[in-house]
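Residues per chain, in single letters:
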Amino acid sequence: MKLIKLYCNKKDFKVVNFHEGLNIVVGKVTSFETPKNDSHNLGKTKLLELLDFMLLGSINKEHFLKNDIFKDFVFYLEIKIKDNQFLTIQRSTLNDTKISIKISQQDINCLDCNEWDYVDLPLNSRDEEKNPKVLLNKLLNIKINDFVFDYRKILHYFLRNQNDYNDVFKLTRYKGKDSTWKPDLCKLLGFNPDFIIKKYQADDFISNSNKAITILSETNDGINNSEKINEEIRLISSQIETYKDELKTLNFFTSNDDTINSTITSLLLDIKKSNTKVYNLRTEIKLLENNQVNPRVNSKKLMELYEECGTYFPDSLKIEYESLENFNKKIFEESIKYIEKSLVDKKRELSETLISLKTLNEKLSENSKYISQMDLKTKYSELVAKIFDLQTELTQKNNLLKNVTAIDKINSDIINKTKEKDECIKKINELLNEKNPVFEQVSSKYKKLMKSITGLSCDIRIATNKNGNVEFESLFLNDQDVETKESDGNTYKKLMCSSFDISLLTSIGSSNSLNFIYHDGILESLDVNKKILYLDEILKILENNDFQYIISSLECDLPDEYKNQKYNCVVLTDEANGNLFGVNF
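Remember, it's a predicted structure, so these values are computed and weren't measured experimentally.

**Re the sheet that holds strand S12 (residues 470–477)**
Right, on to step 1. Pairing is antiparallel across the open sheet formed by three strands, whose spatial order is S11-S12-S13. On the outer flanks of this sheet lie strand S11 (457–464) and strand S13 (483–484), each paired with one strand and no other.
Right, on to step 2. The pairing of S11 with S12 spans eight bridges and is antiparallel. The residue bridging Ala 463 from the neighbouring strand is Glu 471, located in S12.
Right, on to step 3. Here helix H11 (residues 437–454) sits on the sheet and contacts S11 and S12; the angle it forms with S11, its principal contact strand, is near 150°.

**Regarding the confidence of the model for the chain**
Predicted coordinates in regions of low pLDDT should not be interpreted in detail.
Right, on to step 1. Overall, the predicted model of the chain reaches an average pLDDT of 85, with 86% of residues at or above 70.
Right, on to step 2. pLDDT under 50 marks residues 294–319. Its contacts with residues more than four places away, or in other chains, come to 53 contacts.

**Remarks on the pairing of strand S14 (residues 516–520)**
For a regular strand, side chains alternate in direction, first toward one face of the sheet and then toward the other.
Right, on to step 1. Among the five residues of S14, five are classified as buried, and the element is accordingly described as predominantly covered.
Right, on to step 2. Alternating residues of S14 divide into Phe 516, Tyr 518 and Asp 520 and Ile 517 and His 519, and every residue in both groups is buried.
Right, on to step 3. Alignment of strand S10 (residues 159–160) against S14, held across two bridges, turns out to be parallel. Looking across to S14, one finds that Leu 159 is bridged to Tyr 518.

**Overview of the environment of Glu 115**
Right, on to step 1. Checked against the element boundaries, Glu 115 lands in the loop between strand S6 (98–104) and strand S7 (118–122).
Right, on to step 2. Note: C-alpha distance between Glu 115 and Lys 102 (13 residues apart in sequence) is 7.9 Å.

**Description of the packing of helix H12 (residues 490–508) against helix H13 (residues 528–544)**
Right, on to step 1. It is at 12 Å that the axes of H12 and H13 come closest, and there the two elements cross at 5°. The angle between H12 and H13 falls in the class roughly parallel. In this structure, H12 contributes Tyr 492, Leu 495, Ser 498, Ile 502 and Thr 506 to the contact, and H13 contributes Lys 530, Tyr 534, Ile 538 and Ile 541.
Right, on to step 2. When its residues are assigned to classes, the contact of H12 with H13 shows six nonpolar, two polar and one charged.

**Some points on the pattern of salt bridges**
Right, on to step 1. Taken as a whole and judged by the stated rule, the model has 31 salt bridges.
Right, on to step 2. For the salt bridge of Lys 182 with Asp 178, the shortest nitrogen-to-oxygen distance reads 3.2 Å.
Right, on to step 3. The buried category is assigned to Lys 182, whose relative accessible area is 3%.
Right, on to step 4. We classify Asp 178 as partly exposed; its relative accessible area is 26%.
Right, on to step 5. Measuring nitrogen to oxygen at the nearest pair gives 2.9 Å for the salt bridge that ties Lys 397 to Glu 232. One end of the pair, Lys 397, is in helix H10 (residues 374–433); the other, Glu 232, is in helix H6 (residues 226–248), and 165 residues separate them in sequence.
Right, on to step 6. Sharing partners across several salt bridges, the network here consists of Lys 170, Asp 178, Lys 182 and Glu 471.

Calculation rules
Residues numbered from 1 in each chain as written. Predicted model: local features only at pLDDT ≥ 70, side-chain atom pairs only at ≥ 80, totals over all residues. Heavy atoms only, no water. Pairing = 2+ DSSP bridges. Helix = DSSP H or I, 4+ residues; strand = E, 2+ residues; numbered from the N terminus. Contact = heavy atoms within 4.5 Å. Axes fitted to C-alpha atoms, helices over the stretch in contact; angles between N-to-C directions. pLDDT = per-residue confidence, 0-100. Buried < 20%, exposed > 50% of the residue type's maximum accessible area, 1.4 Å probe, protein only. Parallel < 35°, antiparallel > 145°, perpendicular 65-115°, else oblique. Nonpolar A, V, L, I, M, F, W, Y, C, P; charged D, E, K, R; others polar. Salt bridge = Lys/Arg side-chain N within 4 Å of Asp/Glu carboxyl O.

Here it is, written out as structure tokens:
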């Protein structure tokens, strides 16, 4: 995939015509005599953001395109998928979630196009047939190192803005767990990520299980002796039966009072049942509310990690990798829905039971005036109250026992999952120690490029940390192979990032991958000699590799030999309407 052209429905927008090889987005200040004229707000950085937008990146209300000044803008990005196959993406700022796509066999202009192959596809549609990201993935069919990739997952290694120069491997967009980006980078470097994914899944399972144990233990107030609880249940049950037998011996009335006797007995039993039900409902509601306050998983954070569409692997891998992204959601989100529904049902049932209980007590009060044998009534009430208290205590003990049993089961699962995790760590270490031609090629090219530019030895390494997770490292080395501190500086850190991207693309580049790199402001802060060395090396690499290399730079920062129109893909100036969009904002 290569970039061909970016244009707009506004005549003052500066059309960006990308070409083969080196492309320079030039920012030019025409007059320093005017105080308002400067090198900022020309659109050099905004061009990269616009490309990301046109490649179907999501935007929030803070994005610059949400400014009212752009409300009538419609953008078009033409890309080359392969020889004799081009694709144009249309996306407006007013309806930025509606995407139209046209496929053609030649370079065309779609400003006045009325016939699109796909019209107003919803950006985040759950229907794969209507989702433009899914469609673009199918058309691009990106395959690298025998793995199928979602283009959005790897795009930003080749579309790096200035905020992405802080870390060679972890881009600013990767704000979630390492599990959201490290497996993809491993695949790019030629490592099968299966055991890496399983290791992260095991970590999540163990973490969530421990949270569950904490909740259950707090509910049990630290009581975890099942044998003691069982003995208490046996004693309470025995005492309840004793009181029930004693109830049977009571005779309230003579034969003439059988009806009243039967009514009161029935009412007392119903009241006892209702009181038990009220207690149980309140206990269940409290437990459900506690589970709401202390959820076992953070569904909100997990949802933030997957705004992009899932990776499209072969079926055998897709199940495992999607299980990583949906692991917590599948297990806990449904339980949250169940809890919310159960709370509504339980509270409604509690309200109905309290109303019924009030009615029963009123009936009991009405019928009790007919009882002449007050001593028997008092005795009966005392026995019923004791039975109720014991049944309440019995319910509590049974709940304690259920929680202890659940804790024991979870602990057993944790032990098994820990064994599985340890096995994954072993397999990961074996994987990293195996010969890997792709990683070796990336590493070799990286060392060579950094040596040519900086004159220093530099290396990239991959190993497991103390937790058994994969770590990537880029470092400068002295003659004794000991790390030095050059990477702490911003200038050399930028060179490390750009050199890694170039080494990666030239090692994996093919007709079925992204064949462009955009480095925003890469020349800034470099001295003149380093700029010349850098750009000279880029031209040498481009002679032997088929990709587009795009940089943005002020004209005054370019070495004289690179102030050449043949490299320019667009020139932005501080003149009236001279910036990228032709408007000031």
